[in-house]
Each structure stands twice: as C-alpha cells, then as structure tokens.
Amino acid sequence: MIADLSSIGLPIMYAISYFLLFNGIYLLFVRLENQNNMESPKPDKKYSITVIVPMYNGAKHIKECVDSLLNMDYPKEKVEILVIDDGSTDNSYEIAKKIKGIKAYRKNHAGKSAAVNYGIKKAKGELIGILDVDSSVSQNALIKMVGFFKDKKVAAVHSGLRAKNNDRFIEKFQELEYMFSLFFKKMFSMIDGLYVTPGVFSVFRASVFREIGVFDTSEMSEDLEIAFRIISKKYVIKCAIDAKTYTVVPDKFKDLTRQRVRWNCGLARNLSRYRHLLSTNYGELGYFVLPFTIIGHLTIMVFFSYVLANFTITLINNLILMSIIGVETYLRGMLTFNMAWGFLQSKIFFYTLLTTALGIIFLYYSKKYTGSKKKWGILAIHYTLYIMVAGFVYFYFWIATFYRIFRKDVRW
Amino acid sequence: MVNYRMLTVFAITTLIFLIGIFLGQAIAQYHLSDAKKSQNKLIADLAGYELACEILSEQDLCSIDFTPIQKDRFELGQKVSALEEEFGRNNAQTASLSELYHTYQLREYLLVKEAKNACSQDTPLIIFFYRLDDTDSIAQGRILDRLSEKYNLTAIYAINSYADNPAVRTIKSVYNVHTAPALVINEVTYNKYMRLEEIEEVLYKNIKIR
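The structure presented is a predicted model; accordingly, all values stated were derived computationally and were not measured. (Residues numbered from 1 in each chain as written. Chains lettered and ligands numbered in written order. Predicted model: local features only at pLDDT ≥ 70, side-chain atom pairs only at ≥ 80, totals over all residues. Heavy atoms only, no water.)

A. Focus on the interface of chain A and chain B. Across the boundary between the two partners, chain A contributes 32 residues, which contact 37 residues of chain B. Taking both partners together, chain A and chain B bury about 3300 Å²; carbon and sulfur atoms supply 69% of that area. Linking chain A to chain B there are three salt bridges. In this structure, the salt-bridge partner of Glu284(A) is Arg5(B), at a minimum N-O distance of 2.2 Å. At the surface where chain A touches chain B, the tally comes to 10 residue pairs in polar contact (both at pLDDT 80 or more). Elements represented by at least two residues in the side of chain A that touches chain B include exactly α1 (6-33), α10 (283-325), α11 (327-335) and α12 (349-370) of chain A. The element contributing the most residues to the side of chain A that touches chain B is α1(A), with 10 residues. Residue classes in the side of chain A that touches chain B are distributed as 21 nonpolar, six polar and five charged. (Contact = heavy atoms within 4.5 Å. Buried area = accessible area lost by both parts, 1.4 Å probe. Salt bridge = Lys/Arg side-chain N within 4 Å of Asp/Glu carboxyl O. Polar contact = N/O pair within 3.5 Å; in protein donor to acceptor, adjacent residues only side chain to side chain. Helix = DSSP H or I, 4+ residues; strand = E, 2+ residues; numbered from the N terminus. Nonpolar A, V, L, I, M, F, W, Y, C, P; charged D, E, K, R; others polar.)

Structure representation (structure tokens):
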C-alpha cells in the first residue's frame, strides 16, 4: 500500500485558507474605502484620439469593429481611426479600404506589436487607443475613459472588457471569469496596482510612447510588457469598469489553452524581467498585487498537484484493494462507508464558509459594477460550476504551459 | 509609509484564522469527549453484563442478548478510527482511547465466549488481528464487513496486532497469532488472509448460520 498524503493536506489547506481570506478581506476593504469612486471621472476636455486597429485576417470582424468606433459618442473631428493590415491573406484589407471615415494601411506580416507600432508612428492624437479586430466598443466607452487622463500620472486606461459570445459552456466560463476579473482589476486600479493593458481598447497617453518607447515586437504578451514598462516609470494604469467593450472569446478548449499558455508564459517572463517591481517603492502593486498574483498561481499549482497526487495514490490503493477482495465486496464497502463525521465537521469548514461568503460578495459586486443582466438564479448555477472547475482548468493551463515551454512550442 | 489597511487586514485575517483554528480544535475535542462518553457508557454496560452473568444461573445466562452492546461497540470502533484519522495515531488522547477500546473488545470477547460455551451456542466468534497501513489487513477488514453485513454477525473483534497492550500480547500468545492479518474463528487460528468464501466454508462447517 502506498502511504497517502493526508498528513500534509491540512497544512496546505490552512495556508490556502489564510491566503484566500487575506486577499478577500483586503479587496473588500479597498471596495468599502472607494464605494463612491466606482464610476469613471467626467472628462475635463475632449482629447484628440487615434484608435489603432491591428488586423490579420480579420475579414469576419473588421466591419463590426470599425462601425462600433464610428458610432462612439465622441466628437468625430477628435477621432482618427487607423486600420493596420498586418499582411492578411484574406480580403480584410479590401474590406477596410471601402469603409468611410477611417484610414487603412497595409504592411508585411510581422506580428501584432509591429502593426501597432506602425500605427503609433502615424498617429496624430493626444491619446492612442488600441482595439483588436475581433472586438468592439460601446457608444459611451471612450467618454468614460478619457476623464482619467486629467491626472498626469495616468499613462493608460483599461476598458471594461466583457465576453461577446456566451452560448457554449466554455464561453459562459470565460464570461463569468471576465466579469470577476474586471471587478478585481477595478480594485487593483483603486490602489494603483493594475498591471495590464489588454488589446481590447486600452487607451494610452501618446506622450508616454515617446518617453518609454513603443511595443516590444519580441514579446508574445506585448500588452503586459508595456504595462510593466509604464509602471516601472512610476505611471499608473486605471480601469474604467463602466466603459463597456466586447471581445470574442475562444469557443474551443484547444484555442483557449493556447491563449492561456501565451498569457502564462508572458506573465512568468515579464514578472522575471520586471522583478524590481516587487518592492515597496512601487506601493501596493509591489507588496500586495504582484506578490499575491504570484502566490495565487503557485497556490493553484501546489494545491492541484497535491489533489492529483493524492487522487492517484488513493486510486492505486483502491485498485489493489479491489483486486484482492473482488469488485462486489469492494463496491458494497463503498456504499457503507462511514460518513458520520464528514466534511461539515472538518477543521477547515469554517474557512470554507468564510471564503464562500467572500466569493458571493464579490459575485454581487462583479454583477453590479459590470452591469451584467444575468438573472441571479442562472448566475448562481454558473458561479457554482465555475468554482467547481476553475481551479482544475487553471492548473491544466499551467501544466500545458510547462509542457509547451519544455517542447519550446509557445505560439500565438 | 505605513499601510494601515494592510496592517488592519493582517490583524483581522489572523484573528479570524485563529478563531477558525480554535473552532476546529473545539469540534475535534467535542468528537473526542463524545467518543469518551460512548466508551464510558460501554464499559459501564459491560460491567453490568459481567455482573449479570455472575448473578444469573446458567440457564438464565443463556437468555442474555449481547447484540445491543455489540452494536454500540461497533459504532465506538468507527469513532475511534475517525479520531485516529483526525488527531493522528500518535496523539496521546486517541492512543489511550484506542488502547482502552482494545481492552474493552477483549473483555467483551471473553464474556461472549463464556456465555457461548456455557449455553452451547453456535454463534460465530471472530477475532481479527490487523496491521495498520497494510493492504491485506484493509482487505481482510472489508471482507469481514461484508461477512458481518451478509450474516448479521456482531461478534467480530478487530485488534491491532502491534498494539502495545498486555492483553493483546497475551491473547496473541494464547491463540499463537504471529502475523497480520490473522483470524481466530471460533478459537481456531488462521495466520493468513482469508477470502470470504474460505471464512464462509469454515463457519458453515462449524455452525449454522443465523
């Protein structure tokens, strides 16, 4: 019989419980301190803006994407839209060229960062927005974002990103994940700890590119790298949770895995590259947000490695037992298994109860501030399913990440 | 600059965490005291049975039904196992509870054996000697659970063969038990793992199954 790992299970659960409680209570404090600051500030002036749409084989989405930009509630003379075709092999450039009110450029295929950099060189606006071709913006998204630029230390603003497609289970999973993630990003933004500027309509102060340089074309997670570079210069990134923008999320597990492998690699690489940010010199970003991001990912790896190892050992032991006593006796034994002192009386039940309560509070806030129209009953079902599978799914993404790194097979 | 939010959250989380540990310990202590209460009740019941056996004539002795205390003892056994899981087998309190439980089982075994012999009953009596964390012992335990369920047997006593207890050492010596798992079925020793069919064959040969 293989010895089980129950002796190390309790210390692991205690450590995870403390981590989750601390993190949850901290963010709850941030939310309570800022309950009157959740709405985006009103703009002091109408900045001129150039929106860059990098495009590679985006024929399916370009019309919707550009139409949403043209329909924004913002003075038309202040908005310049540049579609940069990155050497598409379909007819997306031809489609873009026919759309009135925008400028379309074509260049040789060199990746998204190179396309954005090409656009930055041509941009005339005081602000530069970047919008992926498979994404779109709501009418008032921009007006909700520009008000943050009153503050000179704000270098970029993250929009209120939501999942556009939500029919399949995998899409619903991401829809809820984006909803939660947006609320937490808003909380991080409140403490100047936001460290990402996604391609779905992040708006930058144009002068920042002159100061820190443009996107790094060697980076797969260029949106994360530029955010770390911005923060390194003591600028901050804000989140406009009420600036609704939408993106198409992967509808196949394979595509989602590839996306998350890229994100994980980008996070690991940039955390290593910008490790100097893990310092009190960078405020709560340095001593709360980044350490807890790292610990969070490590927790997933440690906990689910433990669960997997324990499950494997238990499975092997039970198979050995079944081979000795026979299937019928084994199954009958399972039915009469002593559950008298079950989970409800376990040592970590109290923590489970508290972290569940915190999860429900954050679900409420996420729904409220992202303006989700989902009914509570449906949301409760989705949330329960999400909680049940999310940890395993993220663990799988890390396993896939390590596997791809080992095989040197990390692609876009 | 001191971040008072961080300090406050640290203090609150630590306080909540300590309350959680305290509650966990309180629940565990409750389990322990509950098991101790059950054991004390069983010991008192057994003493009553022992006294009854001494008082009653041989004919009346045969009318005693040991089933209620045997069922209680089975439940206590489950509680002791759960406590060993919860506190660890090396915990002083669970070790003492477990030792008392072993002693109790042997006392009950002797009493039931005496009644059985005095009344020429054919009730099967089984002592199961096991070793902790041993696959064959776990398998034998499951076989006996199945046997107990199938024939409604209550006089099965599970003894940790390596328990540091003089009564256990003595009974092992009396029945010449030198391995684990081992079974003593109606005072005949089998120093091996036995399949369900083998045990049934032994019992069928010797007794009429109830």
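So much for the structure itself; the text now carries on.
B. Quick peek at the sheet that holds strand β8 (residues 236-247) of chain A. All names here are of chain A. The eight strands are arranged β3-β2-β1-β4-β7-β6-β8-β5 in an open sheet whose pairing can be described as mixed. With partners counted over all chains shown, the strands left at the sheet margins are β3 (103-106) and β5 (135-137), one partner each. Averaged over all neighbouring strand pairs, the angle between strand axes comes to 30°, with direction disregarded. (Pairing = 2+ DSSP bridges. Axes fitted to C-alpha atoms, helices over the stretch in contact; angles between N-to-C directions.)

C. How the structure looks around the sheet that holds strand β3 (residues 182-185) of chain B. All names here are of chain B. One open sheet accounts for four strands, arranged β2-β1-β3-β4; its pairing is mixed. Each of the sheet's edge strands pairs with one partner strand only, and the pair in question is β2 (156-160) and β4 (188-190). Each strand of the sheet is rotated relative to its neighbour by a mean of 20°, with strand direction disregarded. Across five bridges, strand β1 (residues 126-130) lies against β2 in parallel orientation. Paired with isoleucine 126 across the strands is isoleucine 156, a residue of β2. Most of the contacts of helix α5 (residues 135-151) go to β1, to which it runs at about 160°, and overall it touches β1, β2 and β3.

D. Molecular detail of the pattern of salt bridges. Residue and element names in this part refer to chain A. This structure, assessed with the given rule, holds 33 salt bridges over all chains. The closest approach of N and O atoms between arginine 106 and aspartate 85, which form a salt bridge, is 3.3 Å. With arginine 106 in strand β3 and aspartate 85 in strand β2 (residues 79-85), this residue pair connects regions lying 21 residues apart in the sequence. Classification of aspartate 85 as buried rests on a relative accessible area of 0%. A salt bridge links glutamate 225 to arginine 273, with the nearest nitrogen and oxygen atoms 3.4 Å apart. Taken together, the positions of glutamate 225 in helix α8 (residues 222-232) and arginine 273 in helix α9 (residues 253-273) put the pair 48 residues apart, joining distant regions of the chain. Within the structure, one salt-bridge network assembled from shared partners comprises Asp216, Glu219, Glu225, Arg229, Arg269 and Arg273. (Buried < 20%, exposed > 50% of the residue type's maximum accessible area, 1.4 Å probe, protein only.)

E. Quick look at the nonpolar core. Residue and element names in this part refer to chain A. Within the largest apolar cluster, 83 residues are counted, with the highest numbers of intra-cluster contacts made by Tyr195, Ile230 and Phe288. If one sorts the elements of this core by residue count, helix α6 (residues 169-190) sits on top with 10 residues. Filtering out sequence-adjacent residues up to four positions away, isoleucine 230 remains in contact with Ala155, Ala156, Phe204, Val208, Ile212, Tyr235 and Ile237. Ranked by size, the runner-up nonpolar core spans 41 residues in total, among them Met72, Val83, Leu142 and Phe149. (Core = buried A, V, L, I, M, F, W, Y, C linked by side-chain atoms within 4.5 Å.)

F. A look at the packing of aromatic side chains. Residues and elements named next belong to chain A. The full count for this structure, using the stated rule, is 42 aromatic pairs over all chains. Here the aromatic rings of phenylalanine 288 and phenylalanine 292 are separated by 4.9 Å at their centres, their planes lie at 40°, and the arrangement is tilted. Of this pair, phenylalanine 288 and phenylalanine 292 both sit in helix α10, separated by four residues, roughly a single helical turn. Taken individually, phenylalanine 288 and phenylalanine 292 each receive the classification buried, so the pair is uniform in this respect. (Phe/Tyr/Trp six-rings, centres within 6.5 Å; stacked < 30°, edge-to-face > 60°.)

G. A look at helix α2 (residues 62-70) of chain A. All names here are of chain A. Three or more residues of α2 are buried, namely Ile62, Cys65, Val66, Ser68 and Leu69. Here the buried residues of α2 occupy an arc of 155° about the axis, which is enough to place them on one side. Residues of α2 that are buried make contact with β1 (49-55), β2, α3 (92-98), β4 (127-131), β5 and β7 (200-205). (Arc of directions from axis to C-beta.)

H. Focus on the state of the cysteines. Residues and elements named next belong to chain A. Tallying each qualifying case throughout the model produces zero disulfides over all chains. Among the cysteines around cysteine 65, which has no disulfide bond, cysteine 239 carries the closest sulfur, lying 20 Å off. On the accessibility criterion, cysteine 65 (0% relative accessible area) is buried. (Disulfide = S-S within 2.5 Å.)

I. Structural context of the packing of helix α4 (residues 92-119) of chain B against helix α6 (residues 166-174) of chain B. Residue and element names in this part refer to chain B. Packing of α4 against α6 leaves a shortest axis separation of 9 Å and a crossing angle of 45°. Here α4 lies oblique to α6, going by the angle between them. Contacts between α4 and α6 involve His102, Leu106 and Tyr109 from the former and Ala167, Val168 and Ile171 from the latter. Class assignment of the residues belonging to the contact of α4 with α6 gives a composition of five nonpolar, one polar and no charged. (Parallel < 35°, antiparallel > 145°, perpendicular 65-115°, else oblique.)

J. Inspection of the packing of α8(A) against α9(A) at higher detail. All names here are of chain A. Running from N to C, α8 and α9 cross one another at 25°; their axes reach a closest spacing of 9 Å. For the element pair α8 / α9, the angle class is roughly parallel. Note that α8 runs across α9; the crossing there is right-handed. Judged by residue contacts, Leu224, Glu225 and Phe228 of α8 engage Gly266, Leu267, Asn270, Leu271 and Arg273 from α9. Here the contact of α8 with α9 is built from residues that sort into four nonpolar, two polar and two charged. (Left-handed = near helix turned anticlockwise from the far one by under 90°.)

K. Summary view of the domain arrangement of chain A. Residues and elements named next belong to chain A. With domains assigned, chain A is organised as domain 1 (6-32 + 289-406) and domain 2 (41-280). A C-alpha centroid distance of 32 Å is found between domain 1 and domain 2. Listed as interface residues are 37 residues of domain 1 and, on the opposing side, 34 residues of domain 2. Note on domain 1 versus domain 2: buried area summed over both sides is about 3200 Å², and carbon and sulfur give 82% of it. Scanning the region where domain 1 abuts domain 2 turns up one salt bridge. A salt bridge links lysine 374 to glutamate 175, with the shortest nitrogen-to-oxygen separation between them at 3.3 Å. Between domain 1 and domain 2 we count five residue pairs in polar contact (both at pLDDT 80 or more) in total. Mapped onto the side of domain 1 that touches domain 2, the elements with two or more residues apiece are α1, α10, α12 and α13 (376-406). For the side of domain 1 that touches domain 2, the element with the highest residue contribution is α13, accounting for 16 residues. Residue classes in the side of domain 1 that touches domain 2 are distributed as 24 nonpolar, nine polar and four charged. (Domains from an automatic or database assignment.)

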